[in-house]
Amino acid sequence: MHTFQPIVAHARTFRVPLEPVAFDCVKLAVVREGSAILYSQLGQQPITIGDAVLLCSNTLCSAEPEGRCTASIICIDADYLVDQVFWKHAGLLSDRLDARELVGRLYLEPIQLLRIGAQQLDRIAPWLDELICLTAQCSYFKRFNRIQALWFLIIDVISPFIKVSPMRLTPSQRERLRPTTPRHREFTPLRSEAMQAAALERADLSHHWTVRELALQVHLSVPQFSRVFAEAYGKTPMAYLTMLRIEELARLLRETDLRVEDAIAYVGWRSRSHAIRAFRTYIGMTPGAYRRTHNTRT
C-alpha cells in the first residue's frame, strides 16, 4: 500500500531537456552542480549553483541543461504548507481556511527564482542530503520529527528570499493568476465532480469546452461548479484546460513533425495568435522557438 508523505526529497542529474509538466505539489529545486536554462512564466532564465526554483502546484516549467545539471528537489504537500502558515500566524487566524486564504493573498507568483548563493547552499547542503536519504528509505513514520526538523532548517534559510506580494486580489482574480491547493490526497479527496470535469478536459483537449458545458456534464450549477473546481485544482476550469493544452502542445513539438499550426489546432485552439501568447506566457518562448531547441527529430 502506498504511504502518503507530505515531504519527499530526491536528487536528480539531467543531461537532456526536461519537458514542461505540472505537478500536484509545491516543489523546491536547489541547483547543486552545473547549470541550465529555465523556461517558464519568468521567460528564459539561467540557473546555476546556488540558485533555487520554487514552484507552486499545477505550474508548468521546463529546463535545458548546459551540459549537465544536478539538483536537490523537495516536494511538499500544499496542505502541509498551509498548516505551517496557520501556526505561524495562529494569533491572527481563526482556522485553516483563513490560513489558505492568507497563502493565496501573500504568495501570488506561481514560480520564483531564488538566488540564495553559494554560501547559503553550503549551509543547507548537509540537511538536503540527509532529507533525501531519509525519504528515500521510506522512513517517514519512524523519522517524522527529524524529517520535519530538516525541512524547517532548510526553509528557515530559504524563506527570506521568497517574495511576498503587497497586492490584494479577489479570490477569482487569484484563481486566474496562480494555482493554490489542489487535492490528490487519499484522506482529503477531490470532489468527484471536479475530478470528472478534469478527466473530461484531459480526454478530449480538442473539444471546445465551456464552463457551462462542463457544469452540465457533472450536474452542478455554473457558479457552484466553478467554485468546486477552483477549490480542487487552484485554477478556473478554462485555466486548467489551457495548462493541459500547453503540456500536450509542448509534447507534440518535441516528439512529432507536425507543423506548429497543425499542432495548435490538434490540441483545440482555434486562434493561432492566442495559442502562441498562452504558450509564451507559460513556457517563456514561442512554440516555434521551443521546437527549434527541443525537438530531437530535427
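Keep in mind that what you see is a predicted model, and the values were worked out from it rather than measured.

Focus on the pairing of strand 6 (residues 111–115)
Here is step 1: Most of strand 6 sits inside the fold, with four of its five residues counted as buried.
Here is step 2: With five bridges joining them, strand 4 (residues 51–55) and strand 6 adopt antiparallel strand pairing. Counted as the bridge partner of alanine 52 is leucine 114 from strand 6.

Some details on the confidence of the model for the chain
Here is step 1: Confidence in the prediction for the chain averages 84 pLDDT; 88% of positions are at 70 or higher.
Here is step 2: In the model, residues 167–189 has pLDDT below 50 throughout and makes 65 contacts with residues more than four positions away in sequence or in other chains.

Structural notes on the packing of aromatic side chains
Here is step 1: This model, assessed by the stated rule, comprises four aromatic pairs.
Here is step 2: Consider the rings of phenylalanine 225 and phenylalanine 229, whose centres lie 5.8 Å apart with planes at 55°: the pair is tilted. Here the residue phenylalanine 225 and the residue phenylalanine 229 both occupy positions in helix 8 (residues 222–233), the gap between them amounting to four residues, near one helical turn. Summarising the burial analysis for this pair, phenylalanine 225 and phenylalanine 229 share the class buried.
Here is step 3: Between phenylalanine 229 and tyrosine 240, the aromatic rings sit 5.5 Å apart at their centres with planes inclined by 75°, giving edge-to-face as the arrangement. Highlighted residues: phenylalanine 229 in helix 8 and tyrosine 240 in helix 9 (residues 237–255), separated in sequence by eleven residues. In this pair, the class of phenylalanine 229 matches that of tyrosine 240, namely buried.
Here is step 4: Pairwise contacts between aromatic rings join Phe225, Phe229 and Tyr240 into one cluster.
Here is step 5: For the cation-ring pair, lysine 27 lies above phenylalanine 23, with the distance from its terminal atom to the ring centre recorded as 3.9 Å.
Here is step 6: Directly above the aromatic system of tryptophan 269 lies the positively charged group of arginine 245, at a separation of 5.9 Å from the ring centroid.

What counts and how
Residues numbered from 1 in each chain as written. Predicted model: local features only at pLDDT ≥ 70, side-chain atom pairs only at ≥ 80, totals over all residues. Heavy atoms only, no water. Buried < 20%, exposed > 50% of the residue type's maximum accessible area, 1.4 Å probe, protein only. Helix = DSSP H or I, 4+ residues; strand = E, 2+ residues; numbered from the N terminus. Pairing = 2+ DSSP bridges. pLDDT = per-residue confidence, 0-100. Contact = heavy atoms within 4.5 Å. Phe/Tyr/Trp six-rings, centres within 6.5 Å; stacked < 30°, edge-to-face > 60°. Lys NZ or Arg CZ within 6 Å of the ring centre and 35° of its normal.

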